[in-house]
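Chain residues, written in single-letter form:
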Amino acid sequence: MIHTAPAIHFRFGLTPLEMVRPWGGEHPELHWFALTDGWYCIDLGGHEVLRYSERTVQELRNDSDAGPPNPYVDYYVVRLWEDVIALVAEAMEPVPQDLLDVAADISPDWAWLDTPEAEAALTWHSAGYLHTSYLRIAPHVRCWRTIVGEDDAVTVTWEHRADPEGVIEFAGPQTGRVTMPTSEFLAAVTELDRALFAAMDQRISELEEAAPPPGVQLDMEQLRRQHRDRATWLQRARDRDPGTDWDVVRSGARTLLGPRAAEED
């Protein structure tokens, strides 16, 4: 039997509990966000997006006593989860055919005009990005959905930008584009959600059985409340209808693209 890898897969690992650093100075505390400290990666079409090059891994290790635990982005996993949830909430409206070129443009040459139509177009286009600006040098990852006949698909593109300081670089192709059935994209999001909450439930249970580190504030009731609330975010995102006014977006896009839009017309 031949097993093919999924077009997209979100992977992560949590930092061992005893190594998680509390937040705060004089009054350190542990909360749900801090407890997701770890690493993550996105597998796209056989490529590992958010994997650093070997040279960058070595430089980061030289700059830090601990260094990164592996070649992947080392940050709070909840950030990846929150931003993927935002894509489900904001970027799953099928894009009309006449706006596909704009949707696929990862860096449009906007005119940056201040009109309601321009704002609507910018808001729509921005919703398709996976937010990575919290990283030192971040690849641009963008997605959009199309429905043509019976084909319902999500396309994901990425583009790595050069680090002006020459330190951060990522492994794999500089740019890429992968198209998959929408059901496969949503299944990958659901798996990320399920895996993170299973890992965090186990982590919270461990904290309930043991005393918090000396001097660290830990509100277990609040931790459980936030855990239960966040467990509803994905379904709420899937139920949300952004209600995009495509006529307004078209008008705004034409204005923002200026001469380019006129040439294409």
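Note: the structure precedes this text.
Residues numbered from 1 in each chain as written. Predicted model: local features only at pLDDT ≥ 70, side-chain atom pairs only at ≥ 80, totals over all residues. Heavy atoms only, no water.

**Q** How do you make sense of the overall build of the protein when you look at a structure like this?
**A** Along the backbone of the protein there are nine helices and eight strands. The dimensions of the protein, computed from C-alpha atoms along their principal axes, are 65 × 55 × 40 Å. Taking as baseline every contact in the protein between residues at least 6 positions apart, the subset at least 24 positions apart corresponds to 71%. In the structure as shown, the protein presents an accessible area of about 14,100 Å², 50% of it carried by carbon and sulfur atoms. Once the 23 positive and 46 negative side-chain charges of the protein are each reduced to a mean point, those two points are 2 Å apart. (Helix = DSSP H or I, 4+ residues; strand = E, 2+ residues; numbered from the N terminus. Contact = heavy atoms within 4.5 Å. Areas by Shrake-Rupley, 256 points an atom, 1.4 Å probe, with all protein chains shown as cover. Lys, Arg positive; Asp, Glu negative; His and termini not counted. Charge placed at Lys NZ, Arg CZ, Asp CG, Glu CD.)

**Q** In this structure, what is going on with the pairing of strand β7 (residues 151-159)? I would like to understand it.
**A** Remember that side chains alternate between the two faces of the sheet whenever the strand is regular. In the sheet, strand β6 (residues 140-148) pairs with β7 via nine bridges, with the strands oriented antiparallel. Residue pairing in the sheet places H140 in a bridge with E159 of β7. Counting the residues in the hairpin turn of β6 and β7 gives two residues, including G149, whose phi is positive at 65°. (Pairing = 2+ DSSP bridges.)

**Q** For this particular structure, what's the right way to read the sheet that holds β6?
**A** Remark on secondary structure: sheet strands pair via backbone hydrogen bonds, oriented parallel or antiparallel. Taken together, four strands build an open sheet; the order of strands is β5-β6-β7-β8 and the sheet is antiparallel. Two strands lie at the open edges of the sheet, namely β5 (129-130) and β8 (175-181), each paired on one side alone. As judged from the two bridges shared by β5 and β6, these two strands associate in the antiparallel manner. Note on β6: the bridge partner recorded for L130 is V141. Most of the contacts of helix α5 (residues 182-209) go to β8, to which it runs at about 100°, and overall it touches β6, β7 and β8. (Axes fitted to C-alpha atoms, helices over the stretch in contact; angles between N-to-C directions.)

**Q** Teacher, can you tell me more about the side chain of S53 here?
**A** Checked against the element boundaries, S53 lands in the loop between β3 (47-49) and α1 (54-63). One polar contact links S53 to E169, side chain to side chain, over a distance of 2.8 Å. Setting aside chain neighbours within four positions, we find S53 in contact with E169, F170 and A171. (Polar contact = N/O pair within 3.5 Å; in protein donor to acceptor, adjacent residues only side chain to side chain.)

**Q** Explain the nonpolar core here, please?
**A** Side chains of nonpolar character tend, in soluble globular proteins, to be buried together. Ranked by internal contacts, the top residues of the largest apolar core, which has 62 residues, are F10, I42, L44 and F185. No other element matches the eleven residues that α5 contributes to this core. Residue contacts for I42: discarding those within four places in its chain leaves I8, H9, F10, H47, E48, V49, L50, L80 and L130. Of all hydrophobic cores here, the second largest spans 16 residues; its members include L100, A118, A121 and W144. (Core = buried A, V, L, I, M, F, W, Y, C linked by side-chain atoms within 4.5 Å. Buried < 20%, exposed > 50% of the residue type's maximum accessible area, 1.4 Å probe, protein only.)

**Q** Teacher, can you tell me more about the pattern of salt bridges here?
**A** Pairs may arise between side chains of opposite charge once their charged atoms sit close together. Here the structure, examined in full by the defined rule, presents 19 salt bridges. Linking E48 and R11 is a salt bridge whose minimum nitrogen-to-oxygen distance equals 2.6 Å. Of the two residues, E48 is situated in strand β3 and R11 in strand β1 (residues 8-14); the sequence distance between them amounts to 37 residues. Judged by its relative accessible area of 25%, E48 is partly exposed. Put simply, R224 and E208 hold a salt bridge, and the shortest N to O gap is 3.0 Å. Placement of the pair is R224 in helix α6 (residues 220-230) and E208 in helix α5, with a sequence separation of 16 residues. Given a relative accessible area of 16%, R224 falls into the buried group. (Salt bridge = Lys/Arg side-chain N within 4 Å of Asp/Glu carboxyl O.)

**Q** How should unusual backbone geometry be read in this particular structure?
**A** A negative phi angle characterises most non-glycine residues, just as the trans form characterises most peptide bonds. Of note in the backbone geometry, L50 takes a positive phi value of approximately 80° without being a glycine. Note that L50 resides in the loop between β3 and α1. Exposure remark for L50: the relative accessible area of 2% places this residue in the buried category.

**Q** What should I look at first to understand the environment of V84 in this one?
**A** By the element assignment, V84 lies in helix α2 (residues 77-90). With relative accessibility at 1%, the residue V84 sits in the buried group. Measuring from C-alpha to C-alpha, the distance between V84 and D245 comes to 23 Å, with 161 residues separating the pair along the chain. Among residues more than four places away in sequence, those in contact with V84 are F10, L130, V189 and L192.

**Q** Would you explain the packing of aromatic side chains in this entry?
**A** The description of an aromatic ring pair uses the distance of the two centres, along with the angle that the planes make with each other. By the definition in use, this model includes twelve aromatic pairs. Aromatic pair W32 and F197: ring centres 5.4 Å apart, planes at 35°, arrangement tilted. Of this pair, W32 sits in the loop between β1 and β2 (37-44) while F197 is found in helix α5, placing the two residues 165 residues apart along the sequence. The buried category is assigned to W32, whose relative accessible area is 0%. Of the residues examined, F197 reaches a relative accessible area of 10% and is grouped as buried. For the ring pair W124 and W246, a centre distance of 5.8 Å and an interplane angle of 80° mean the geometry is edge-to-face. Of this pair, W124 sits in helix α4 (residues 116-126) while W246 sits in helix α8 (residues 246-257), placing them 122 residues apart in sequence. Neither W124 nor W246 differs from the other in exposure class; each is buried. One aromatic cluster in this structure is built from W23, F33, Y75, Y76 and Y134. (Phe/Tyr/Trp six-rings, centres within 6.5 Å; stacked < 30°, edge-to-face > 60°.)

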